[in-house]
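Understanding the architecture of this molecule
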Amino acid sequence: ECYSCHGIVWDEKRQLAYVLSSSTIQVYTLTNWDTDNPSLTKVDDISMPASGGHDMFPVPNTSLLSISTGSNVWLFDRDPKEFEPHPDIPNLSSVKSVNHHPVTNQVMYTKPSISGEPMTYDIQFLNPDFTVNVDQKTYKARWNVQPGCTDPAGGRAFLPGSLFTALGASLHTE
C-alpha cells in the first residue's frame, strides 16, 4: 500500500505514525495495539508538492518534519498539514538526509558526491556553513543529542563507519 516507502516517524504527542512514500505522506493510528491483533489504520494520505520522497525526520521542538524529495527539500507542518520550501536549502536535489540540531538548530545534510552512487564522503553543515570530509562512503547522517542536553557542542552526528571529532562536535558511526 505504500509505494517506495523511505521513512517513518512516530509522533508521540499526536499518537500518529507518518510514513513517507514516493509522492505522499501516509498517516496512521495504532489500532488494538495492546491486543493479540495490533494493526495500523490509515487516517490520511497527504500529497507532497514534489515526487521522489526520500528522507523524513522531525525538526526538534517544532511540529515540522524535514522532507527531501528528488528535486527539493521541504518542511511539512503537521498541524496545518502544509508544505513550505526549506528556508536554508529549498532547491537542493538528491538530498539523502536532513537533520536539525535540537539546541543550535544547525542543519546537517548529505547529498551524493560519488559518481554513479547514492553516497558521499562529505557531510554538509549550515549555520555556520562548512563541510566535513569523513573519508568513508556515507549515505545518511543524524544528530544524536541526549535528552536534556543544552550544550551546543554536546551533539554527535551518527554516520556509517568510524569515530572522529571535527570542529568540536563528535561524529560517531553506527
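Residues numbered from 1 in each chain as written. Predicted model: local features only at pLDDT ≥ 70, side-chain atom pairs only at ≥ 80, totals over all residues. Heavy atoms only, no water.

1. A look at the confidence of the model for the protein
- Across the protein, the average pLDDT comes to 83, with 80% of residues at or above 70.
- Scored below 50 in pLDDT, residues 158-174 makes 55 contacts in the model with residues more than four places away or belonging to other chains. (pLDDT = per-residue confidence, 0-100. Contact = heavy atoms within 4.5 Å.)

2. What about a nonpolar patch on the surface?
- On the surface, Trp10, Leu30, Trp33 and Leu40 cluster together to form a nonpolar patch covering roughly 380 Å² of accessible area.
- Along the chain, the position of Trp33 falls in the loop between strand 3 (24-31) and strand 4 (39-47).
- Residue class for Trp33 comes out partly exposed when judged on its relative accessible area of 46%. (Patch = residues over 30% accessible without salt bridge, like charges linked within 9 Å, V, L, I, M, F, W, Y side chains within 5 Å. Areas by Shrake-Rupley, 256 points an atom, 1.4 Å probe, with all protein chains shown as cover. Salt bridge = Lys/Arg side-chain N within 4 Å of Asp/Glu carboxyl O. Helix = DSSP H or I, 4+ residues; strand = E, 2+ residues; numbered from the N terminus. Buried < 20%, exposed > 50% of the residue type's maximum accessible area, 1.4 Å probe, protein only.)

3. Focus: the sheet that holds strand 7 (residues 73-77)
- The sheet built from four strands is open, its strands ordered 5-6-7-8 with antiparallel pairing. Each of the sheet's edge strands pairs with one partner strand only, and the pair in question is strand 5 (55-58) and strand 8 (82-85). The sheet shows a mean angle of 25 degrees between the axes of neighbouring strands, taken without regard to direction.
- Sheet analysis places strand 7 next to strand 8, joined by four bridges and oriented antiparallel. Each residue of the ladder has a partner; that of Phe76, found in strand 8, is Phe83. (Pairing = 2+ DSSP bridges. Axes fitted to C-alpha atoms, helices over the stretch in contact; angles between N-to-C directions.)

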